[in-house]
Every structure is written in structure tokens, then in C-alpha cells.
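Coordinate analysis (summary)
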Amino acid sequence: MASKSKKQIKDEVTSKLDISLDKLYLIWQEIGIDETQVGNRASTVSMHLCNLMKEMVSEEEQLRDQMALNIQHYVDDLSQLCLELSLPLPKVLENVSMVQREKELRCRLETLNREKQERMRTLKKLHEEDQRLCEMLCSAPYYIPSGVVPSRHQLQELETHVKSLEAEREKRHGEFVCIKKRIVDLCNEMDHDPETSFERDLICEDDEMFQLSTDNMRSLATLLQELEKKNRELHQTVQDLWTRVRALWERLGIPQSERAEFESKHPGHKNSVAASLREEILRCEQLKYDNLQHFVEGMRRELVDWWKRCYFSKEQRDTFLPYLEENYTEELLEVHEQELEKMRSYFEMHKDILELIAKRERLWEEMLEFEKKASDPNRFFNDRGGKLLREEKARKKLMKELPRIEEDTKEKIDAWEKQNEKKFLIEGVLFAEYVEKQWNSFHEQKEQEKQARLKSKAKQMEEEMIFGSKPTSNTPAKRRIVNTPGRTPLKARKLNETPRTPASVSRIQHSSVFPSPYSRVTLSSKTPNMNHTMRRRSLRRARKVLQESIQRGKVGATAKNDQHVNAGQGDLFSQTTKGLSQTARPNCRSSVAPSIGCSPLKRW
């Protein structure tokens, strides 16, 4: 409906008022009211109309004033809220009606109130979480004044603070679980009982009840360090006690069954194990004094072992004169114990160098073993699965490792000598001299083996030249199949065919080995029957000639080079053939040297 203007309302009210007055006056006239009463009644109508208009105006004035008052209240509340929420004061439009202004201020006020309530709810939630985490971590909560609406920045900082506390709590809880598990394991490993209230609370109470404060975490780390230190000390103590117990067992000759039974009953390194070991030491100490001689002899065996491990020479060992003492007393026992302790200290002081030397000695022994295997002529017949190839690879690796270890050991010893300003001796000599001596001995031994092989070969050749060669093949002969001819048709010779000299025989005839002095005869001239008496006589004469030649100076055994060996063989051969030519029968099937398989003595 379109709004009416003031004139239209006035005209409408005037017309309706005229109509109403006309009706009133007509009614009054019909009733017969006199003019005075009509005037009074008309005055009453006018008064009522004026009062009504006044009331209406008054009500509208009240509405206007209330609206103005509301606007002022809204402005004041907005100012207060903006101050509490740390927001700028909103600008209100000036060229608007009171209704619009009141409505706009009311809407803005409701929005700010909702934001205030949301901030307060967020603050309450974050504050409760912060309080819980601070109680667990025993730290100070984030400070926000009470009764004040927090700003957005303060809420962001409080949320960040809560997140950091939560992360710290997770971190500390993880550390606590790991440390507690390690502490419990150490206590079980050492058989350790909680001693303080902190330890009892830690082990017995639930994990959630433990306060993850900085002090508690520090105390927890300190407790772990103390227990680890105790564990290391206890472990070392138990190891030392086991060393003493085993040394006492070895010296006293305790049976292995008794040792194994005791060791099986005392595993680990608990306090109870240490106590049992101390009791066993006291028992062995009592046995030690009951049997001093046996114990001193055991200590001497142990002392020899330490001397070997420290590479002491005979001169250094002889300085310990009580080693040869036969009057077994407690004083002698104490002297041996002091010497053993001295050797242990010496070994620990030079452990790095001595371990390098021991490693070098192991490599040296392996090298000697490889050399021994390499000199075995039968190793090629036992090569299964590439054994020789693996040994060759291992030998090459060892020959690379050995010089490196020697160089590292030499550098270590040089540094020690420079630091201590004295010489470090191995078997009474310097390390370089010790290594050089070993290598020289190794080369001399190889040279001696080479000379021995040459002498053995010369002697074998000498015997072959006189008695004929023997088959040297280690390969087993193949088994003949039944009804198989002994020769193949291609290799069979005719009976009257003159045998040809093989190429190998031709090469031997042109070498330093002398050819056979016996003339070759054809197969057709061979006498089928042999005189056994002449054969034995020829054999005895050949042996006699060989014995006389050996007694006259052992022609081939003292040769220092191949020329002398060959010359000796020639002289011996000439003497032998001279004695044999008187009885030799011309029936030898080959004219080559006996070393290729033709033995003239077997055909006499």
C-alpha cells in the first residue's frame, strides 16, 4: 500500500470528522437534547479528540525518545565490545533515519556479542587443555588476565602454546617409556632392587601417573646413567672375577665337568653371580695354599703363555729368576702373582701393537701353509670344486695383506718409540730385524729345499742310468676289457720291422743326458733263452761298480751346479759301462739311454 501524505490524511480525517459530527448532531436532535447539552456534548467530543491526538503524539514522542536512547545504548555497547575484542569502532552512517541507524547498530552489536561468546568458549577450552598439560609437565600456563576477552592474537598464541606442550608431552612420554624399559631391563639384568622412592615409584606405578616434568626427566636420565655405569662396572667386575676363577681353576687343575657345571649355574653378570664368584675365589685361594706346588706350576704355565703373547725373548724370560726356584712357598707364589700382573699390565699397555703383531704372525703362518701346499706334487690330482683356484685367490689376497700389516705395525711401533723415547723389542730384537730374520730364514729354507730336490733328482738320474728308469706316473692304469687286444692295430709293429726312434728319444739323445752305450740289435737276432747265471753275475757286478763309485767321492751328490752334475754323471756312466761291456749281451731292444724305459739289466 502506498503511503499517504499529510494533506491526504488531513482531508480524510476532516471529512470523516464532519460526517461523524453531522451524525452526532442529527442524533442529538432526534433525541431532543437542548442546545446547552448539545454544546456540552460537542465540547466533550472535541476534548476526547484532542486528548486522543495528544496521547498519540505523546506515544510517538516516547517511541522517538526510546529509539534515540536505544541508539545511544547500542553505540555505547559497541564501543565497549570493540574495546574488549580489540577491534576498531564501527562507523555509523549519519544520513539515515533513526530506525535504520538503530537496526544497523543492533545487528552489529549482536555480531560482536556472538564473536565474544565464541572467543570465551575457545579460551575456556584452550585454558583447560593448557592447564592439564602444564600439570603433567609441571610448567607455567599461558597467562591471560581473568575477566578479559582475549584478542585473536592471544588466542592464536595460546593455541600454539598448547600444541607445543602437547608435542613436548609426546616427546617426553616416548623418552620416558624407552628409559623406563631400559631401567627395568638393567635392574633385571643386574638383579638390582629399587633403593630410593623415585626408583620405586618409577618401577611400580603406572606410566600415566608419572609426572613428565623437567626435573623428573632429568632425574630419570641421571638414574639411567647411574644404572648403566653400575652395569658396566658390574660386568667388568664379573669378567675380572671369571678371569681370576678360570686362572685359579687352570692352576689348580679343576676338572672340566666341575667347571662346566659351575658356569651353567651362574650365567650373566648379576650381583648374585658376583657374590658366588667371590665365594669360589675364596675356596680356590684356600685350595691354592693347600697345594702351593701345583698352583705355582700352573702359574708358571700361564706366565709362559703371557711371555709368548708379549713376544718376550729367552733373555727377557731368564731375568725372572724365581721361575726356576723349587722351594715352593707363599713368598714364591706372591712373586709369581706379581710377575703375572706385571705381564698383564704390559700386554694391556701395548695391546694395539701386540695384536697387530699377532695378526701378522697368523698371516705368516698362513703363508707358510700355502707354500707347503704349493710344494706338494700331488695337489693337482685332488683339485675338486676349484680348490686350487680358491687357494690361489686366498694366497694372492694374503700376499697383499701381509706387507700392509707389516707397514702398519712398523708405523705403530715407530710412533710408540718416538713417544716413549726407547726401543720396542720383539723376541729381543727390533721389529724390522725380526721381520727381516723371518724372511731370510724363509728364503734359506726354500733354497735348501731346492738344493735337496736337485740332489735327489741327480741321484735318481744316476740310478736310472745304471739300473733303468721306473714308471713315475701316479695315474692308475686303465682296466682292460675282456677279449680286448693289448695293442691297437695302428700301433702294432711287425716282428721283423726295424723300430723307429721316437721324437722324444731323439730329443734326449741331443740333450745333456748321455745315450745308451749298448749297440742296438734287431729283434730277429734276439736270443729267446737267457742264461740266469750270467744275469745274476751282471747284476752283482753293476751294483759293485755303483757302490765303488759312491765310495770314491759320490760323484753326483756333491755337485754345486748343473755342469758338475753332468760331468759326474758322465764319469760314472763311463765307469759303469766299462764294467758292464764285458758281460752285456747284444740283445737290447733300444739304443737310447736307460732313463726312457729300457733297462739292459732286465734283458741279460
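Residues numbered from 1 in each chain as written. Predicted model: local features only at pLDDT ≥ 70, side-chain atom pairs only at ≥ 80, totals over all residues. Heavy atoms only, no water.

Quick notes on the overall build of the chain
Applicable threshold: Strands are runs of DSSP state E lasting at least 2 residues, helices are runs of H or I lasting at least 4, and numbering of each runs from the N terminus. Remark: exposure states derive from per-residue accessible area (1.4 Å probe, protein chains only) relative to the maximum for the residue type, with buried under 20%, exposed over 50%, and partly exposed in between. Accessible areas in this description were obtained via Shrake-Rupley with a 1.4 Å probe; residue shielding takes into account the shown protein chains only.
Scanning the chain for helices and strands turns up 17 helices and 2 strands. The proportion of buried residues among the 604 residues of the chain is 28%. A total of about 42,100 Å² of accessible surface is found on the chain, and carbon and sulfur atoms cover 52% of it.

Some remarks on the confidence of the model for the chain
To keep it simple, the criterion reads: One number per residue, pLDDT, summarises how confident the predictor is, and it ranges from 0 to 100. Any pair of residues with heavy atoms lying within 4.5 Å of one another is described as a contacting pair.
Of all residues in the chain, 74% have pLDDT values of 70 or greater, and the mean over the chain is 75. Every residue in residues 473–531 is under pLDDT 50, and counting partners more than four places away or in other chains gives 61 contacts. Low pLDDT, under 50, characterises residues 554–604; the predicted model gives this stretch 99 contacts beyond four residues in sequence or across chains.

Notes on the packing of aromatic side chains
In plain terms, the rule: Pairing of aromatic side chains here covers Phe, Tyr and the six-membered ring of Trp, requires ring centres within 6.5 Å, and sorts the geometry by plane angle: under 30 degrees stacked, over 60 edge-to-face, intermediate tilted.
A complete count under the given rule lists 12 aromatic pairs for this structure. When the ring of Phe-312 is compared with that of Tyr-346, the centres are 5.2 Å apart and the planes differ by 80°; the resulting orientation is edge-to-face. Separated by 34 residues along the polypeptide, Phe-312 in the loop between α9 (292–310) and α10 (314–318) and Tyr-346 in helix α11 (residues 330–349) bring together distant segments of the chain. Classification of Phe-312 by relative accessible area gives buried; the value is 12%. Aromatic pair Trp-364 and Trp-439: ring centres 4.8 Å apart, planes at 90°, arrangement edge-to-face. With Trp-364 in helix α12 (residues 351–374) and Trp-439 in helix α14 (residues 431–467), this residue pair connects regions lying 75 residues apart in the sequence.

Observations regarding the nonpolar core
The nonpolar side chains of a soluble globular protein tend to be buried, and buried together. This is how it is decided: Here, the term nonpolar core denotes a set of buried Ala, Val, Leu, Ile, Met, Phe, Trp, Tyr and Cys residues that are joined through side-chain atoms within 4.5 Å. Domain boundaries shown here were taken from an automatic or database domain assignment.
Membership of the largest hydrophobic core comes to 66 residues, with the highest contact counts inside it found for Ile-183, Leu-277, Ile-357 and Phe-424. Examining the composition of this core, we find that 13 residues originate from one element, helix α6 (residues 214–252), more than from any other. Domain assignment of the residues forming this core places at least three in each of domain 2 (154–269) and domain 3 (286–377 + 386–455). When neighbours within four sequence positions are excluded, Ile-357 is seen to be in contact with Tyr-311, Thr-409, Ile-413, Phe-424, Ile-426 and Phe-431.

Quick notes on a nonpolar patch on the surface
To be explicit about the condition: Here, patches come from residues exposed beyond 30% relative accessible area and free of salt bridges, joined within 9 Å for like charges and within 5 Å for nonpolar side chains (Val, Leu, Ile, Met, Phe, Trp, Tyr). Here, a salt bridge means any Lys or Arg side-chain nitrogen found within 4 Å of an Asp or Glu carboxyl oxygen.
A cluster of nonpolar side chains, Leu-52, Met-53 and Met-56, forms an exposed patch at the surface whose accessible area comes to about 290 Å². Looking at Leu-52, the relative accessible area reads 44%, which means it is partly exposed.

Let's talk about the UniProt feature "coiled-coil region" (unreviewed entry) in the chain
Worth spelling out the cut-off: UniProt positions are given in the numbering used here, feature names are shortened, and annotations may be inferred rather than shown by experiment.
What UniProt calls "coiled-coil region" (unreviewed entry) maps, in this numbering, to residues 102–129. With 100% helix and 0% strand, residues 102–129 has end C-alpha atoms that lie 41 Å from one another.

Section: the packing of helix α4 (residues 152–190) against α6
Let me state the cut-off plainly: What counts as an axis is a line fitted to C-alpha atoms, over the stretch in contact for a helix, and the angles between N-to-C directions run from 0 to 180 degrees. Any angle that is under 35 degrees is reported as roughly parallel, and any over 145 degrees as roughly antiparallel; angles of 65 to 115 degrees are reported as roughly perpendicular and all others as oblique. Crossing handedness: left-handed means the near helix sits turned counterclockwise from the far one by under a right angle, and right-handed means the same turn made clockwise.
Running from N to C, α4 and α6 point in directions that differ by 30°, and their axes come no closer than 10 Å. Relative to α6, the element α4 is oriented roughly parallel. Regarding α4 and α6, the two cross each other, and that crossing is left-handed. Facing α4, whose interface residues are Arg-172, Glu-175, Phe-176, Ile-179, Arg-182, Ile-183, Leu-186, Cys-187, Glu-189 and Met-190, α6 presents Thr-214, Met-217, Leu-220, Leu-223, Leu-224, Leu-227, Glu-228, Lys-230, Asn-231 and Leu-234.

Structural notes on the pattern of salt bridges
In total, this model carries 33 salt bridges according to the counting rule given. Here Glu-159 and Lys-163 are joined by a salt bridge, their closest N and O atoms 3.8 Å apart. Placement of the pair is Glu-159 and Lys-163 together in helix α4, with a separation of 4 residues, close to one helical turn. Its relative accessible area of 37% is what places Glu-159 among the partly exposed residues. Two residues, Asp-318 and Lys-314, come together in a salt bridge whose shortest N-O distance is 3.0 Å. Residue Asp-318 and its partner Lys-314 are both found in helix α10; the two are separated by 4 residues, about one turn of the helix. With relative accessibility at 42%, the residue Asp-318 sits in the partly exposed group. Here Lys-314 falls in the exposed class, since its relative accessible area comes to 58%. Several salt bridges share partner residues, and in doing so they unite Glu-129, Arg-132, Glu-166, Arg-169 and Glu-170 into one network.

Focus: α4
As a reminder, the rule being used: Helices are assigned an expected span. That span is 1.5 Å times one less than the residue count.
Spanning 39 residues, α4 covers 56 Å between terminal C-alpha atoms, matching the ideal 57 Å at 1.5 Å per step. Looking one or two residues past α4, Asp-191 carries a phi angle of roughly 60°, positive in sign.

A word on the side chain of Glu-339
Applicable threshold: None of His or the chain ends enter the tally, which takes Lys and Arg as positive and Asp and Glu as negative.
With respect to the helices and strands, Glu-339 occurs in helix α11. One buried charge, Glu-339, has no salt-bridge partner; the nearest side chain with opposite charge is Lys-342, at 4.5 Å. Setting aside residues no more than four positions away along its own chain, Glu-339 makes contact with Leu-303, Trp-307 and Phe-320.

As for helix α3 (residues 98–137)
Taking 1.5 Å as the rise per residue, α3 with 40 residues should run 58 Å; its terminal C-alpha atoms sit 57 Å apart, in good agreement. On its buried face, α3 sits against α2 (35–84), α4 and α6. In the segment just after α3, Cys-138 is the residue with positive phi, at about 55°.

Description of the environment of Arg-283
The line we're drawing: Distance and chemistry together define a polar contact, namely a pair of N or O atoms within 3.5 Å, with one atom able to donate a hydrogen and the other to accept it when in protein, and with adjacent residues in sequence counting only for side-chain atoms on both sides.
Within the secondary structure, Arg-283 sits in helix α8 (residues 271–290). Residue classification places Arg-283 among the partly exposed positions, given a relative accessible area of 33%. A C-alpha to C-alpha distance of 9.9 Å links Arg-283 and Val-245, two positions 38 residues apart in sequence. Excluding anything up to four places from it in sequence, Arg-283 contacts Trp-249 and Glu-258. Only 2.6 Å separates the side chain of Arg-283 from the side chain of Glu-280, close enough to count as a polar contact.

What to know about unusual backbone geometry
Of note, Tyr-311 is a non-glycine position whose phi angle comes to about 55°, a positive value. Within the element layout of this structure, Tyr-311 appears in the loop between α9 and α10. Take Tyr-311: its relative accessible area is 10%, and that puts it in the buried class. Of note, the phi angle at Glu-427 is positive, near 55°, even though the residue is not glycine.

Some details on the environment of Glu-401
Note that Glu-401 resides in helix α13 (residues 387–420). Among the residues examined, Glu-401 registers a relative accessible area of 22% and is labelled partly exposed. Excluding its chain neighbours within four sequence positions, the residues that come into contact with Glu-401 are Lys-359 and Leu-363.

Concerning the side chain of His-266
Among the secondary structure elements, His-266 is positioned in the loop between α7 (256–265) and α8. Judged by relative accessible area, His-266 falls into the buried class, the value being 15%. A distance of 3.4 Å separates polar atoms of two side chains, one belonging to His-266 and the other to Ser-276. The residues touching His-266, leaving out its near neighbours within four places in the chain, are Trp-242, Val-273 and Ser-276.

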